[in-house]
Number of protein chains: 2
Amino acid sequence: MSYVKKPALIEEKSFEIITKELGVRNFDEKTSKVVKRVIHTTADFEYADLLEFHPLAIETGIEALKKGGDIYTDTQMVKSGINKRKLSALGGTVCNFVHDDDVVKEARDRSITRSMVAIEKAIKNENIRIFAIGNAPTALFTLKEKIDKGMPKPDLIIGVPVGFVGAAESKEIIKSLDVPYIITKGRKGGSTVAAAIINALIYMI
Amino acid sequence: MSYVKKPALIEEKSFEIITKELGVRNFDEKTSKVVKRVIHTTADFEYADLLEFHPLAIETGIEALKKGGDIYTDTQMVKSGINKRKLSALGGTVCNFVHDDDVVKEARDRSITRSMVAIEKAIKNENIRIFAIGNAPTALFTLKEKIDKGMPKPDLIIGVPVGFVGAAESKEIIKSLDVPYIITKGRKGGSTVAAAIINALIYMI
């Protein structure tokens, strides 16, 4: 069989195809890089219309990463998808507390999601500068509640939960916080989308 | 804020919405469960048309899991997305060799993808009964080559790489092997889709 075996060549060809099919869009160069990486990850061109960027989001995100800021993710899947070798070279790590024993217990006791309890734990950690939420609407709702109550604000919230119950609403309310955000409108999103956005930021540094 | 906080209720409501919006389809009950879980994971109803099932795929997959068969995944993301607690209760584990030192070295030396080398390692392992490939077309191409050369056949191949170079072709050639398969036609798919299919099978046991 004849097929392309070199990873770098596969990625280069993929981005050529995406650029061609995406056509002329009104994105600046950095935004375009994020959008294309999300399409690369999903093969879904709808994301060009679904992604919404706070005007400062990409710059503040890149600055936070350059300073070695940590990233909190709502699932192990997002964590797995992030290029941790490159993140680590910048001095940052990825945290996720959903499987922590104290979080599991407290979620069960209070009969709420583990995501919510984990966010409460994360927001107290001052090294966490970016929240990348790919699955749990409740994580975004909790983030909104805590910031409204005066908890310290992160530098960037990536809010892209996928889903049918609460996902779209959770992303809209994040826009009302005075915190730079990157979201997907509507139901679509997910772990791979959250990881792709983070990786696009990392690769721009 | 008022929002649904109970995980079980969120999932139940989500599946109700999916069932309603999907409408009447010509799927049997088990196929329907797989399709709906993929839609639940992606919020993308296109998967109802993109998923393609070998007639024996679900049954052989369930049987392999019941017997404690292991699953090989092409990425850590697929591995992260699989419900390992329930899989472990059945006696199975999830393996991924892409980050193994020997695999990384050999891929660099031969200038081919790590996925390909990892598949060569996996196919020699007789406990691996299911391959769940969510990203690397080259993993599927390698699987096809090795099985053509007489290597032992797994019980099920889940072939759902996402992408623009080789992904669609890699899924089509898997259908020519005499091995039950679940694939997505065209470019779409990914880690979350592969994990959702495995989880749907696990939850039916």
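Everything in this summary refers to the structure shown in the same document.

Definitions and cut-offs
Residues numbered from 1 in each chain as written. Chains lettered and ligands numbered in written order. Predicted model: local features only at pLDDT ≥ 70, side-chain atom pairs only at ≥ 80, totals over all residues. Heavy atoms only, no water. Helix = DSSP H or I, 4+ residues; strand = E, 2+ residues; numbered from the N terminus. Rg over C-alpha atoms; globule rule 2.2 N^0.38 Å. Contact = heavy atoms within 4.5 Å. Areas by Shrake-Rupley, 256 points an atom, 1.4 Å probe, with all protein chains shown as cover. Lys, Arg positive; Asp, Glu negative; His and termini not counted. Charge placed at Lys NZ, Arg CZ, Asp CG, Glu CD. Core = buried A, V, L, I, M, F, W, Y, C linked by side-chain atoms within 4.5 Å. Buried < 20%, exposed > 50% of the residue type's maximum accessible area, 1.4 Å probe, protein only. Least-squares fit on C-alpha atoms with pLDDT ≥ 70 in both. Salt bridge = Lys/Arg side-chain N within 4 Å of Asp/Glu carboxyl O. Polar contact = N/O pair within 3.5 Å; in protein donor to acceptor, adjacent residues only side chain to side chain. Nonpolar A, V, L, I, M, F, W, Y, C, P; charged D, E, K, R; others polar. Axes fitted to C-alpha atoms, helices over the stretch in contact; angles between N-to-C directions. Parallel < 35°, antiparallel > 145°, perpendicular 65-115°, else oblique. Left-handed = near helix turned anticlockwise from the far one by under 90°. Pairing = 2+ DSSP bridges. Right-handed = clockwise from strand over helix to strand, strands pointing away.

Each helix and strand in chain A was counted, giving eleven helices and six strands. For 205 residues, the compact-globule formula gives about 17 Å, and the C-alpha radius of gyration of chain A, at 17 Å, lands near that figure. Structurally, chain A occupies a C-alpha span of about 55 × 35 × 30 Å along its principal axes. Of the contacts made within chain A by residues no fewer than 6 positions apart, 64% connect residues no fewer than 24 positions apart. For chain A, the exposed surface amounts to about 8,800 Å²; the carbon and sulfur share of it is 49%. If the 31 positive side-chain charges of chain A are averaged to one point and the 27 negative ones to another, these points end up 4 Å apart.

Another aspect to go through is the nonpolar core. Residues and elements named next belong to chain B. In terms of nonpolar packing, the biggest core is built from 40 residues, with Ile71, Ile82, Ile158, Ile182 and Ile197 touching the most fellow members. Looking at this core, the element that brings in the most residues is helix α11 (residues 191–203), giving nine residues. Not counting the four nearest positions on each side in its chain, Ile182 is found in contact with Leu51, Glu52, Phe53, Ala57, Ile58, Leu156, Ile157, Ile158, Gly159, Val160 and Ile197.

We now examine the relation of the copies chain B and chain A. The second copy of the chain is related to the first by a rotation about an axis and a shift along the axis. Least-squares fitting of chain B to chain A yields an RMSD of 0.0 Å, with the transformation described by 0.0 Å of translation along the axis and a rotation of 180 degrees. Look at the turn and shift together and you get a two-fold axis relating the two. The C-alpha atom lying nearest the rotation axis in chain B is that of Met77 of chain B; the distance is 2.6 Å.

All right, on to the interface of chain B and chain A then. At the junction of the two partners, chain B supplies 42 residues and chain A supplies 42 residues. For the pair chain B and chain A, the interface holds four salt bridges. In this structure, Asp44 of chain A engages Lys188 of chain B in a salt bridge whose closest nitrogen and oxygen atoms are separated by 3.7 Å. Connecting chain B to chain A are three residue pairs in polar contact (both at pLDDT 80 or more). Elements supplying a minimum of two residues to the side of chain B that touches chain A: α1 (7–22), α2 (29–42), α5 (76–81), α9 (137–148) and α11 of chain B. With seven residues, the single largest contributor to the side of chain B that touches chain A is α1 of chain B. Residue classes in the side of chain B that touches chain A are distributed as 19 nonpolar, 14 polar and nine charged.

Residue and element names in this part refer to chain A. The N-to-C vectors of helix α1 (residues 7–22) and helix α2 (residues 29–42) enclose an angle of 110 degrees; their axes lie 10 Å apart at closest approach. Here α1 lies roughly perpendicular to α2, going by the angle between them. In this structure, α1 crosses over α2, and the sense of that crossing is right-handed. Judged by residue contacts, Glu11, Ser14, Phe15, Ile18, Thr19 and Leu22 of α1 engage Val35, Lys36, Arg37, Ile39 and His40 from α2. For the contact of α1 with α2, the residue count by class is five nonpolar, three polar and three charged.

Quick look at the pattern of salt bridges now. Close approach of charged atoms lets side chains of opposite charge pair. Residue and element names in this part refer to chain A. What the rule picks out here adds up to 40 salt bridges over all chains. Its salt-bridge partner being Glu63, residue Lys66 comes within 3.7 Å of it at the nearest N-O pair. Of the two residues, Lys66 and Glu63 both sit in helix α4 (residues 57–66), three residues apart, roughly one turn of that helix. The exposure class of Lys66 is partly exposed, given its relative accessible area of 47%. Two residues, Arg129 and Asp155, come together in a salt bridge whose shortest N-O distance is 3.0 Å. Taken together, the residues span a long stretch of sequence, with Arg129 in strand β4 (residues 128–133) and Asp155 in the loop between α9 (137–148) and β5 (156–159) at a distance of 26 residues.

This paragraph deals with the sheet that holds strand β3 (residues 94–95) of chain B. Residues and elements named next belong to chain B. Strand order in the open sheet formed by six strands is β1-β6-β5-β4-β2-β3, with mixed pairing between adjacent strands. Edge positions in the sheet fall to β1 (51–53) and β3, since each has one partner strand and no second. Pairing geometry for β1 and strand β6 (residues 181–184), over three bridges, is antiparallel. From the neighbouring strand, Glu52 faces β6, where its bridge partner is Ile183. Docked against the sheet, helix α4 (residues 57–66) engages β1, β2 (70–73), β4 (128–133), β5 (156–159) and β6, running at close to 125 degrees with respect to β4. This element, α11, spans β1, β2, β4, β5 and β6 of the sheet and lies at about 145 degrees to β5.

What follows covers the packing of α9 of chain B against helix α10 (residues 167–174) of chain B. Residue and element names in this part refer to chain B. One way to put it is that α9 packs onto α10 with a least axis distance of 8 Å and a crossing angle of 30 degrees. When the interaxial angle is binned, α9 and α10 end up roughly parallel. Crossing handedness for the pair α9 and α10: left-handed. For the pair formed by α9 and α10, the contact residues are Pro137, Leu140, Phe141 and Lys144 on the first element and Ala167, Glu169, Ser170, Lys171, Ile173 and Ile174 on the second. The residue makeup of the contact of α9 with α10, split by class, is six nonpolar, one polar and three charged.

Residues and elements named next belong to chain A. Looking at the element boundaries, Thr73 is found in strand β2 (residues 70–73). For Thr73, a relative accessible area of 0% puts it in the buried group. What Thr73 contacts, discounting residues up to four positions off in sequence, is Val78, Lys79, Ile82, Val94, Cys95, Asn96 and Ala132.

Remember that side chains alternate between the two faces of the sheet whenever the strand is regular. Residues and elements named next belong to chain A. Side chains of β5 alternate between two faces, with Leu156 and Ile158 and Ile157 and Gly159 buried alike. Two strands pair when backbone bridges link them, and β4 and β5 are joined in this way by four bridges, in the parallel orientation. In the sheet register, Phe131 faces β5, and the bridge partner there is Ile157. With respect to chirality, the unit in which β4 leads through α9 into the neighbouring parallel β5 is right-handed. One ladder, built from three bridges, connects β5 with strand β6 (residues 181–184); its direction is parallel. Bridge pairing in β6 links Ile157 to Tyr181.

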